[in-house]
Every structure is written in C-alpha cells, then in structure tokens.
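The chain contents come next:
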Amino acid sequence: MRARDLAESYPYVTTDDDAMDAARLLARDSLPALLVLDADGQPHAIVPGSQVLRQALPEYVIHDPLLASAAGEAIDAEIAERLAGRTVAEWLPRRLFPPPYVGPDATAVEVAALMARTHSPLVAVIERHGGQVRLIGTVTAARLMSCFLDR
C-alpha cells in the first residue's frame, strides 16, 4: 500500500495561527500531535502532544516534581498566559527538527521506518508540482498498524 492510499485528512495549524487556538485544537480533537504548516502550505513542524505540554508548562514545574505536585490548579492561569497573544511560530519549541514527510508513492514500510526514526506519531504526505507543495494528508501510527495487522 502506498502513502497516498494511507493518507487521511488531519487538522493543521499554520505558523501565523493563534497559539491558544492551536492548543485547543489539540485538546478538542484528541490529536497525538500538532501539524504545523508554513505560509506556503509546506510542513513546518510536527509537534507531539508531550512537547506542546512542555511549551505550555513553566520550566520550574517541569524540572521540580515537588513544585509540580504542590502547584495544583494555581498553575492553570499561568499556562493560559503563556499561550495568550502568541502565534504558533512564537510558541513552537526552540529546537525544531525537520518534520517527517513523504511523497505519495512511498510504501507503508517506508512511512513506518521514517516514523520510527523520527519518533513522530504521524508523517505528512505531500505532493510537489514545480515549486508548489500540496498536503495530501497524514499517516498516523494507528493507521499504519491497522494496515499491517489487517492483511
């Protein structure tokens, strides 16, 4: 099976979108990761939910389990403040890795290997026409496992 056959529609945000809206999308749709596209529609980042949380939480809570247990609900307002008024580009992790993507003719095993190498819960499937890039969809780990197990 080819990537074009495995690709499914997946919600995405752009680097110019509001960070609070992006976090709400992740929560509302129970997404494993945020797919972020740049202004040209090309994959810019795939940010796993754990890294979205890392960006939202204050550093002192991440590095001190005692503070995390004592913070309780008081930290909720601070998390919202860290997102308010920022774009996705301003809020993304400082250290980004190139997002994993494949062309429509990639095999299921190629997609799975890329996902495993990059530790990403999804891979974007793109098609190029000259200088233009079009997002076909994404392949999730769940979709791949279904493909492999349902044969």
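This text goes with the structure placed above it.
About the thresholds
Residues numbered from 1 in each chain as written. Predicted model: local features only at pLDDT ≥ 70, side-chain atom pairs only at ≥ 80, totals over all residues. Heavy atoms only, no water. Buried < 20%, exposed > 50% of the residue type's maximum accessible area, 1.4 Å probe, protein only. Helix = DSSP H or I, 4+ residues; strand = E, 2+ residues; numbered from the N terminus. Arc of directions from axis to C-beta. Core = buried A, V, L, I, M, F, W, Y, C linked by side-chain atoms within 4.5 Å. Pairing = 2+ DSSP bridges.

Novice: Hey, could you go over helix α8 (residues 108–118) for me, with residue numbers and the actual values?
Specialist: All of the buried residues along α8 are A108, V111, L114 and M115. Angularly, the buried residues of α8 cover 130° about the axis, an arc narrow enough to put them on a single face. Of the exposed residues in α8, the ones pointing more than 90 degrees away from its buried face are V109, A116 and R117. H119 lies just past α8 and shows a positive phi near 55°.

Novice: Please give an account of the nonpolar core that cites residues and values.
Specialist: Membership of the largest hydrophobic core comes to 27 residues, with the highest contact counts inside it found for L34, V36 and W91. The element contributing the most residues to this core is helix α2 (residues 19–28), with six residues. Grouped together as the second largest cluster of nonpolar side chains are 14 residues, A3, V111, L114 and L144 included.

Novice: A description of the pairing of strand β6 (residues 132–140) should follow, citing residues and the corresponding values.
Specialist: Inspection of the sheet shows strand β5 (residues 122–129) paired to β6 by eight bridges, in the antiparallel sense. Among the inter-strand pairings, L122 is bridged to a residue of β6, identified as T140. From the end of β5 to the start of β6, which pair antiparallel, there are two residues, and G130 there has a positive phi angle of about 65°.

Novice: Requested: an account of unusual backbone geometry, with residues and values cited.
Specialist: Even without glycine at this site, S30 takes up a positive phi of about 50°. When you line up the elements, S30 lands in the loop between α2 and β2 (33–37). Unlike most non-glycine residues, H119 shows phi in positive territory, near 55°. Note on placement: H119 falls in the loop between α8 and β5. For H119, a relative accessible area of 68% puts it in the exposed group.

None of the figures reported here should be taken as evidence of function without further support.
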